Amino acid sequence: MSITEEIENRLQAAFEPHELEVVDDSESHRGHAGFQEGGESHFNVRIRASAFEGQSRVARHRAVHKALGDIVPRIHALALDIGV
């Protein structure tokens, strides 16, 4: 299973989002720190779920990082766009 699929599966299970987009943006970082041949090092995630309602931006980010668990140390960059 790819890291993209792992991210999608864990976020679906944790938050049951009504919108989820996980984009492997690694190729646009070729030549930069953390780039890995074959990708799966830089990700952009857009997630919308009612589970985030009433949470601060920091709390939302912490919740996503907690849900991703051991995936976070395996990647170089994770850009999050989190909303309700």
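Residues numbered from 1 in each chain as written. Predicted model: local features only at pLDDT ≥ 70, side-chain atom pairs only at ≥ 80, totals over all residues. Heavy atoms only, no water.

**Student:** Summarise the sheet that holds strand β1 (residues 19-24); cite the residues concerned and give the values.
**Tutor:** Across the sheet, which stays open at both edges, the 3 strands sit in the order β1-β2-β3 with mixed pairing between neighbours. With partners counted over all chains shown, the strands left at the sheet margins are β1 and β3 (77-83), one partner each. Between one strand and the next, the sheet's axes are offset by a mean angle of 10°, whatever the strand orientation. (Pairing = 2+ DSSP bridges. Helix = DSSP H or I, 4+ residues; strand = E, 2+ residues; numbered from the N terminus. Axes fitted to C-alpha atoms, helices over the stretch in contact; angles between N-to-C directions.)

**Student:** For helix α1 (residues 3-15), give the residues involved together with the corresponding values.
**Tutor:** Compared with an ideal rise of 1.5 Å per residue, which puts 13 residues at 18 Å, α1 spans 18 Å between its outermost C-alpha atoms and is within 8% of the ideal. If you check which residues of α1 are buried, you get I3, T4, E6, I7, L11 and F15. Buried residues of α1, seen end-on, are gathered within an arc of 160° and therefore sit on one face of the element. Close packing links the buried residues of α1 with β1, β2 (42-48) and α2 (57-68). Looking one or two residues past α1, E16 carries a phi angle of roughly 45°, positive in sign. (Expected span 1.5 Å × (residues − 1). Buried < 20%, exposed > 50% of the residue type's maximum accessible area, 1.4 Å probe, protein only. Arc of directions from axis to C-beta. Contact = heavy atoms within 4.5 Å.)

**Student:** Provide a residue-level description of the confidence of the model for the protein chain, including the pertinent values.
**Tutor:** Mean pLDDT over the protein chain stands at 90; residues scoring 70 or higher make up 85%. The element-level mean pLDDT for the protein chain is lowest in β2, coming to 95, with α2 highest at 98. (pLDDT = per-residue confidence, 0-100.)

**Student:** Describe the packing of aromatic side chains, listing the residues and the values that go with them.
**Tutor:** Taken as a whole and judged by the stated rule, the model has 1 aromatic pair. Here the aromatic rings of F15 and F52 are separated by 4.7 Å at their centres, their planes lie at 40°, and the arrangement is tilted. Separated by 37 residues along the polypeptide, F15 in helix α1 and F52 in the loop between β2 and α2 bring together distant segments of the chain. Classification of F52 as buried rests on a relative accessible area of 0%. (Phe/Tyr/Trp six-rings, centres within 6.5 Å; stacked < 30°, edge-to-face > 60°.)

**Student:** Could you give an account of the side chain of T4, with specific residues and numbers?
**Tutor:** Mapping T4 onto the fold places it in helix α1. Assessed through its relative accessible area of 16%, T4 is described here as buried.

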